[in-house]
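Chain by chain, the residues run as shown.
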Amino acid sequence: MRVRPAIMGDSESMSRIAKATFSLACPTDTPAEELERYISENLTARCFQIALDTSSEEVRVLEKAGDIVGFSLVDYKPDRLNIPLADGIPELKRCYVDSKHHGTGAAQLLLTATLTGITDRIRLTVNDQNARAIGFYQRNGFLTVGETSFQCGDDVHRDLVMVREL
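Source: prediction; values computed, not measured. (Residues numbered from 1 in each chain as written. Predicted model: local features only at pLDDT ≥ 70, side-chain atom pairs only at ≥ 80, totals over all residues. Heavy atoms only, no water.)

A. Structural context of the overall build of the chain. Looking only at helices and strands, the chain features five helices and seven strands. Sequence-ordered secondary structure for the chain, helices as α and strands as β, is β-α-α-α-β-β-β-α-β-α-β-β. Expected size for 166 residues packed as a compact globule is a radius of gyration near 15 Å; at 15 Å, the chain falls within 12% of this value. Here the chain, with 166 residues, has 48% of them falling under the buried criterion. (Helix = DSSP H or I, 4+ residues; strand = E, 2+ residues; numbered from the N terminus. Rg over C-alpha atoms; globule rule 2.2 N^0.38 Å. Buried < 20%, exposed > 50% of the residue type's maximum accessible area, 1.4 Å probe, protein only.)

B. Structural view of the packing of helix 1 (residues 11-21) against helix 3 (residues 45-52). Packing of helix 1 against helix 3 brings their axes to within 8 Å, and their N-to-C directions diverge by 120°. When the axis of helix 1 is compared with that of helix 3, the two are oblique. The two elements helix 1 and helix 3 meet at a crossing, and its hand is right-handed. Judged by residue contacts, S11, E12, M14, S15 and A18 of helix 1 engage A45, F48, Q49 and L52 from helix 3. Looking at the contact of helix 1 with helix 3, its residues break down into five nonpolar, three polar and one charged. (Axes fitted to C-alpha atoms, helices over the stretch in contact; angles between N-to-C directions. Parallel < 35°, antiparallel > 145°, perpendicular 65-115°, else oblique. Left-handed = near helix turned anticlockwise from the far one by under 90°. Contact = heavy atoms within 4.5 Å. Nonpolar A, V, L, I, M, F, W, Y, C, P; charged D, E, K, R; others polar.)

C. Looking closely at the pattern of salt bridges. This model, assessed by the stated rule, comprises 14 salt bridges. The salt bridge involving D98 is made with R16; its shortest N-O contact spans 3.7 Å. Highlighted residues: D98 in the loop between strand 4 (91-97) and helix 4 (106-115) and R16 in helix 1, separated in sequence by 82 residues. Given the relative accessible area of 10%, D98 is considered buried. Its salt-bridge partner being R123, residue D87 comes within 3.5 Å of it at the nearest N-O pair. Highlighted residues: D87 in the loop between strand 3 (67-75) and strand 4 and R123 in strand 5 (residues 121-127), separated in sequence by 36 residues. (Salt bridge = Lys/Arg side-chain N within 4 Å of Asp/Glu carboxyl O.)

D. Seen up close, the environment of R158. Counting through the fold element by element, R158 comes out in strand 7 (residues 155-165). A residue is classified by how much of its surface remains accessible, and R158, at 41% relative accessible area, is partly exposed. R158 sits 28 residues away from N130 along the chain, and the two C-alpha atoms are 11 Å apart. Here R158 is in contact with V126, N127, D128, E147 and T148, once residues within four sequence places are set aside. For R158, the side chain forms a polar contact with the side chain of D128, separated by 2.9 Å. Only 2.7 Å separates the side chain of R158 from the side chain of E147, close enough to count as a polar contact. (Polar contact = N/O pair within 3.5 Å; in protein donor to acceptor, adjacent residues only side chain to side chain.)

Quick look at the structure:
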């Protein structure tokens, strides 16, 4: 497996992975229509093309035998969360790996490569019910510094805000 900068031609693969894995990061009682709505508005190939064309965002893909099996997106100018320890720093907005590769070390490889370019601190948000992801990020030095809400269609989720000092 290898991690490389994403290119425009990767947007369909990133969208496919995001669509297949997004619901795994959400509470199990999230209404299906709200998941569908969020996906159709935020995880399309066009959305990833826009991210690739935005100078403040960095997108990487994880490849295995030429196939994209994961991707990450760092936003260097994210919106404020009104949490002093988390504002004014880059945000890891997406770190998705195809579920067939969960537990293989793929996510660790992707996260490690993604964090390589970060020189100070980085934040992320993660659903408070996503114990697997929270544990993964804690093992990688992220600490909870607050909470925020995440709008999934009309459904509002509670997210933890985590920060890692590098």
